[in-house]
Amino acid sequence: MEMQNIDKEYTYSDYLNFPEDERWELIDGVPYMMSAPIWEHQFISRELLRQISNQLMESTCEVAAAPFDLRLPYKNEKDKDISTVIQPDILIVCDVSGIKGTGYSGVPDFIIEISSDSTSRIDKTKKLDKFERSGVKEYWIVDPEREEVDVFILNNGIYGKPKYYFRNDKIRLTAVESVEVDLKAVFNSVTKVKSKQIT
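Because the structure is predicted, anything quoted here is derived from the model rather than measured.

1. A closer look at the packing of aromatic side chains
Next, step 1: All told, the structure shown has 9 aromatic pairs when counted by the stated rule.
Next, step 2: Relative to Trp24, the ring of Phe18 lies with its centre 5.7 Å away and its plane at 65°, an arrangement referred to as edge-to-face.
Next, step 3: Here Phe18 falls in the buried class, since its relative accessible area comes to 11%.
Next, step 4: When the ring of Phe110 is compared with that of Trp140, the centres are 5.1 Å apart and the planes differ by 85°; the resulting orientation is edge-to-face. Taken together, the positions of Phe110 in strand β9 (residues 110-114) and Trp140 in strand β10 (residues 138-143) put the pair 30 residues apart, joining distant regions of the chain. Both residues of the pair, Phe110 and Trp140, count as buried.
Next, step 5: Taken together, the ring pairs in this structure connect Tyr10, Tyr12, Tyr15, Phe18 and Trp24 into an aromatic cluster.
Next, step 6: Positioned above the aromatic ring of Tyr10, the side-chain terminus of Lys8 is 5.3 Å from the ring centre.

Here's what the structure looks like:
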(Lines give C-alpha, C1' and ligand atoms only; values in the text may rest on other atoms or scores of the structure.)
Protein backbone atom coordinates (compact mmCIF):
# COMPACT_ATOMS: atom_id res chain seq x y z
CA MET A 1 0.00 0.00 0.00
CA GLU A 2 1.33 3.43 -0.93
CA MET A 3 0.52 6.75 0.71
CA GLN A 4 -2.19 8.81 -0.94
CA ASN A 5 -0.16 11.94 -1.72
CA ILE A 6 1.55 10.57 -4.82
CA ASP A 7 2.87 13.98 -5.88
CA LYS A 8 5.10 14.35 -2.83
CA GLU A 9 8.59 12.84 -2.58
CA TYR A 10 8.92 11.76 1.03
CA THR A 11 12.19 11.86 2.96
CA TYR A 12 13.61 10.47 6.17
CA SER A 13 12.45 13.65 7.90
CA ASP A 14 8.85 12.85 6.88
CA TYR A 15 9.31 9.18 7.73
CA LEU A 16 10.13 10.00 11.35
CA ASN A 17 6.66 11.57 11.65
CA PHE A 18 4.73 8.62 10.23
CA PRO A 19 2.31 6.94 12.73
CA GLU A 20 4.27 4.94 15.30
CA ASP A 21 1.82 2.04 15.19
CA GLU A 22 2.39 1.53 11.44
CA ARG A 23 5.41 0.14 9.61
CA TRP A 24 6.55 1.94 6.46
CA GLU A 25 9.45 1.91 4.04
CA LEU A 26 10.51 4.59 1.54
CA ILE A 27 11.97 3.71 -1.84
CA ASP A 28 13.03 6.71 -3.91
CA GLY A 29 10.60 8.91 -1.99
CA VAL A 30 7.58 6.61 -2.38
CA PRO A 31 6.19 5.18 0.90
CA TYR A 32 5.09 1.54 1.17
CA MET A 33 3.17 0.20 4.15
CA MET A 34 4.52 -3.07 5.53
CA SER A 35 2.26 -5.88 6.74
CA ALA A 36 2.97 -7.66 10.00
CA PRO A 37 5.19 -10.70 9.26
CA ILE A 38 3.79 -14.21 9.65
CA TRP A 39 5.24 -16.42 12.39
CA GLU A 40 7.32 -18.52 9.93
CA HIS A 41 9.08 -15.32 8.89
CA GLN A 42 9.97 -14.58 12.50
CA PHE A 43 11.41 -18.03 13.19
CA ILE A 44 13.49 -18.00 10.01
CA SER A 45 14.78 -14.52 10.83
CA ARG A 46 15.68 -15.59 14.36
CA GLU A 47 17.70 -18.60 13.16
CA LEU A 48 19.50 -16.62 10.46
CA LEU A 49 20.38 -13.94 12.99
CA ARG A 50 21.57 -16.54 15.51
CA GLN A 51 23.90 -18.25 13.03
CA ILE A 52 25.34 -15.05 11.60
CA SER A 53 25.79 -13.22 14.91
CA ASN A 54 27.56 -16.22 16.47
CA GLN A 55 30.09 -16.22 13.62
CA LEU A 56 30.69 -12.47 13.81
CA MET A 57 31.61 -12.47 17.51
CA GLU A 58 35.29 -11.76 16.75
CA SER A 59 34.65 -9.67 13.63
CA THR A 60 34.74 -5.91 13.19
CA CYS A 61 31.45 -6.25 11.27
CA GLU A 62 28.05 -6.02 12.97
CA VAL A 63 24.73 -7.69 12.21
CA ALA A 64 21.30 -6.19 12.90
CA ALA A 65 17.69 -7.27 12.37
CA ALA A 66 14.44 -5.39 11.74
CA PRO A 67 13.12 -3.10 13.03
CA PHE A 68 16.28 -1.22 12.02
CA ASP A 69 16.14 1.71 9.59
CA LEU A 70 18.57 1.46 6.70
CA ARG A 71 18.98 4.88 5.12
CA LEU A 72 20.52 4.65 1.65
CA PRO A 73 21.85 8.10 0.74
CA TYR A 74 22.13 9.33 -2.83
CA LYS A 75 25.60 10.88 -3.19
CA ASN A 76 26.05 13.32 -0.29
CA GLU A 77 22.47 13.71 0.89
CA LYS A 78 22.00 14.87 4.46
CA ASP A 79 20.30 12.31 6.69
CA LYS A 80 17.00 14.21 6.84
CA ASP A 81 16.84 14.45 3.03
CA ILE A 82 17.42 10.76 2.28
CA SER A 83 14.50 9.39 0.23
CA THR A 84 15.15 5.65 0.68
CA VAL A 85 14.57 4.18 4.14
CA ILE A 86 14.23 0.40 4.24
CA GLN A 87 13.93 -2.11 7.07
CA PRO A 88 15.78 -5.19 5.82
CA ASP A 89 15.10 -8.34 7.79
CA ILE A 90 18.84 -8.75 8.40
CA LEU A 91 21.88 -6.72 7.38
CA ILE A 92 25.62 -6.73 8.01
CA VAL A 93 27.71 -3.56 8.13
CA CYS A 94 31.48 -3.50 8.38
CA ASP A 95 31.80 0.30 8.43
CA VAL A 96 30.14 0.85 11.79
CA SER A 97 30.55 4.64 11.63
CA GLY A 98 27.17 4.76 9.88
CA ILE A 99 25.30 3.27 12.85
CA LYS A 100 23.31 6.12 14.34
CA GLY A 101 19.83 7.30 15.20
CA THR A 102 17.22 4.70 14.29
CA GLY A 103 19.60 2.43 12.40
CA TYR A 104 22.27 2.82 9.74
CA SER A 105 23.07 5.51 7.18
CA GLY A 106 25.19 4.24 4.31
CA VAL A 107 25.59 1.10 2.23
CA PRO A 108 25.61 -2.25 4.07
CA ASP A 109 27.82 -5.10 2.92
CA PHE A 110 25.05 -7.71 3.07
CA ILE A 111 21.24 -7.77 3.16
CA ILE A 112 18.62 -10.50 3.63
CA GLU A 113 14.93 -10.07 2.87
CA ILE A 114 12.54 -12.87 3.88
CA SER A 115 9.91 -12.74 1.18
CA SER A 116 6.14 -13.14 1.45
CA ASP A 117 3.18 -12.83 -0.90
CA SER A 118 2.85 -9.15 0.00
CA THR A 119 6.56 -8.29 -0.36
CA SER A 120 7.86 -10.62 -3.07
CA ARG A 121 7.37 -8.24 -6.00
CA ILE A 122 9.11 -5.33 -4.28
CA ASP A 123 11.92 -7.56 -2.96
CA LYS A 124 12.65 -8.83 -6.48
CA THR A 125 12.30 -5.54 -8.35
CA LYS A 126 12.50 -2.21 -6.53
CA LYS A 127 14.75 -3.36 -3.67
CA LEU A 128 16.92 -5.49 -5.94
CA ASP A 129 17.46 -2.51 -8.24
CA LYS A 130 18.06 -0.11 -5.34
CA PHE A 131 20.58 -2.38 -3.61
CA GLU A 132 22.40 -3.00 -6.89
CA ARG A 133 22.65 0.71 -7.70
CA SER A 134 23.72 1.54 -4.15
CA GLY A 135 26.53 -1.05 -4.21
CA VAL A 136 25.32 -3.64 -1.67
CA LYS A 137 27.82 -6.48 -2.20
CA GLU A 138 25.45 -9.37 -1.51
CA TYR A 139 21.66 -9.66 -1.34
CA TRP A 140 19.64 -12.73 -0.36
CA ILE A 141 15.92 -13.26 -0.92
CA VAL A 142 14.62 -16.08 1.29
CA ASP A 143 11.39 -17.81 0.22
CA PRO A 144 9.93 -19.61 3.28
CA GLU A 145 7.25 -21.47 1.33
CA ARG A 146 9.59 -22.95 -1.30
CA GLU A 147 12.47 -23.25 1.19
CA GLU A 148 14.74 -21.53 -1.32
CA VAL A 149 17.28 -18.71 -1.17
CA ASP A 150 18.19 -16.55 -4.18
CA VAL A 151 21.68 -15.10 -3.77
CA PHE A 152 22.75 -12.02 -5.73
CA ILE A 153 26.46 -11.12 -5.76
CA LEU A 154 27.60 -7.72 -7.00
CA ASN A 155 30.14 -8.06 -9.82
CA ASN A 156 31.34 -4.91 -11.62
CA GLY A 157 28.33 -3.04 -10.25
CA ILE A 158 25.80 -5.61 -11.50
CA TYR A 159 24.03 -8.49 -9.76
CA GLY A 160 23.27 -10.58 -12.83
CA LYS A 161 21.55 -13.94 -12.41
CA PRO A 162 21.16 -15.25 -8.85
CA LYS A 163 22.49 -18.52 -7.50
CA TYR A 164 19.78 -20.75 -6.05
CA TYR A 165 20.10 -22.66 -2.80
CA PHE A 166 17.71 -25.09 -1.13
CA ARG A 167 16.85 -26.67 2.23
CA ASN A 168 19.89 -28.98 2.59
CA ASP A 169 22.46 -26.50 1.31
CA LYS A 170 25.03 -24.44 3.15
CA ILE A 171 25.86 -20.96 1.85
CA ARG A 172 29.18 -19.26 2.48
CA LEU A 173 28.87 -15.48 2.36
CA THR A 174 30.89 -13.68 -0.30
CA ALA A 175 30.60 -10.19 1.17
CA VAL A 176 31.83 -11.14 4.65
CA GLU A 177 34.58 -13.66 5.32
CA SER A 178 34.20 -16.76 7.51
CA VAL A 179 30.39 -16.76 7.69
CA GLU A 180 28.39 -19.76 6.52
CA VAL A 181 24.65 -20.35 6.86
CA ASP A 182 23.16 -23.83 7.26
CA LEU A 183 19.79 -23.68 5.51
CA LYS A 184 18.64 -26.99 6.99
CA ALA A 185 18.72 -25.44 10.46
CA VAL A 186 17.04 -22.30 9.15
CA PHE A 187 14.05 -24.09 7.64
CA ASN A 188 13.94 -26.71 10.43
CA SER A 189 13.15 -23.86 12.82
CA VAL A 190 9.74 -23.78 11.10
CA THR A 191 9.14 -27.49 10.49
CA LYS A 192 9.92 -28.27 14.15
CA VAL A 193 7.05 -26.05 15.28
CA LYS A 194 4.69 -27.39 12.62
CA SER A 195 5.39 -30.98 13.70
CA LYS A 196 4.51 -30.09 17.29
CA GLN A 197 1.25 -28.50 16.13
CA ILE A 198 0.19 -31.73 14.40
CA THR A 199 0.80 -34.03 17.40
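2. Some details on the side chain of Gln51
Next, step 1: Looking at where Gln51 falls in the secondary structure, it is placed in helix α2 (residues 39-55).
Next, step 2: Gln51 has contacts with Glu180, Val181, Asp182, Ala185 and Val186, leaving out every residue within four places of it along the chain.

3. Considerations on the packing of α2 against helix α5 (residues 183-198)
Next, step 1: Where α2 meets α5, the axes come as close as 8 Å, and the angle between the chain directions of the two elements is 140°. Of the possible angle classes, the one that applies to α2 and α5 is oblique. α5 is crossed by α2, and the crossing has right-handed handedness. Each of Trp39, Glu40, Phe43, Ile44, Arg46, Glu47, Leu48 and Gln51 in α2 lies in contact with α5, whose residues at this interface are Ala185, Val186, Phe187, Ser189, Val190, Val193, Lys194 and Gln197.
Next, step 2: A breakdown of the residues in the contact of α2 with α5 according to their chemical character gives 9 nonpolar, 3 polar and 4 charged.

4. Quick look at the sheet that holds strand β12 (residues 163-166)
Next, step 1: The 6 strands are arranged β3-β6-β9-β10-β11-β12 in an open sheet whose pairing can be described as mixed. Strand pairing shows two members of the sheet lacking a second neighbour, β3 (62-65) and β12, which therefore form its edges. Put simply, the sheet's adjacent strands are angled 15° from each other on average, direction ignored.
Next, step 2: One ladder, built from 6 bridges, connects β10 with strand β11 (residues 148-153); its direction is antiparallel. For Tyr139, the partnering residue across the bridge sits in β11 and is Phe152.
Next, step 3: Sheet contacts for α2: β3, β6 (90-93), β9 and β10; angle to β9, the most-contacted strand, approximately 160°.
Next, step 4: Relative to the sheet, helix α4 (residues 126-134) contacts β9, β10 and β11, its axis offset from that of β10 by approximately 165°.

5. Here we look at α5
Next, step 1: Spanning 16 residues, α5 covers 23 Å between terminal C-alpha atoms, matching the ideal 22 Å at 1.5 Å per step.
Next, step 2: Of all the bends in α5, the greatest, near 35°, is centred on Ser189.
Next, step 3: Restricting attention to buried positions, one finds in α5 the residues Leu183, Val186, Phe187, Ser189 and Val190.
Next, step 4: If you follow the buried residues of α5, they end up packed against α2, β10, β11, β12, β13 (170-172) and β14 (180-182).
Next, step 5: The N-capping residue of α5, defined by a side-chain oxygen 3.1 Å from the backbone nitrogen of Lys184, is Asp182.

6. Digging into the nonpolar core
Nonpolar side chains tend toward joint burial in soluble globular proteins.
Next, step 1: In terms of nonpolar packing, the biggest core is built from 25 residues, with Leu48, Ile52, Ile92, Ile112 and Trp140 touching the most fellow members.
Next, step 2: Put simply, the parts of the chain that give this core at least two residues each are α2, β6, β9, β10, β11 and α5.
Next, step 3: Apart from residues no more than four positions distant in its own chain, Trp140 is found in contact with Phe110, Ile111, Ile112, Glu113, Val149, Asp150, Val151, Ile171, Leu173 and Val181.
Next, step 4: Residues Phe131, Val136, Ile141 and Phe152 belong to the second largest nonpolar core, which totals 19 residues.

Calculation notes
- Residues numbered from 1 in each chain as written.
- Predicted model: local features only at pLDDT ≥ 70, side-chain atom pairs only at ≥ 80, totals over all residues.
- Heavy atoms only, no water.
- Phe/Tyr/Trp six-rings, centres within 6.5 Å; stacked < 30°, edge-to-face > 60°.
- Buried < 20%, exposed > 50% of the residue type's maximum accessible area, 1.4 Å probe, protein only.
- Helix = DSSP H or I, 4+ residues; strand = E, 2+ residues; numbered from the N terminus.
- Lys NZ or Arg CZ within 6 Å of the ring centre and 35° of its normal.
- Contact = heavy atoms within 4.5 Å.
- Axes fitted to C-alpha atoms, helices over the stretch in contact; angles between N-to-C directions.
- Parallel < 35°, antiparallel > 145°, perpendicular 65-115°, else oblique.
- Left-handed = near helix turned anticlockwise from the far one by under 90°.
- Nonpolar A, V, L, I, M, F, W, Y, C, P; charged D, E, K, R; others polar.
- Pairing = 2+ DSSP bridges.
- Expected span 1.5 Å × (residues − 1).
- Bend = angle between axes of the 7 residues up to and from the residue.
- Polar contact = N/O pair within 3.5 Å; in protein donor to acceptor, adjacent residues only side chain to side chain.
- Core = buried A, V, L, I, M, F, W, Y, C linked by side-chain atoms within 4.5 Å.

Honestly, that's just the spatial picture; any functional story needs more than this.
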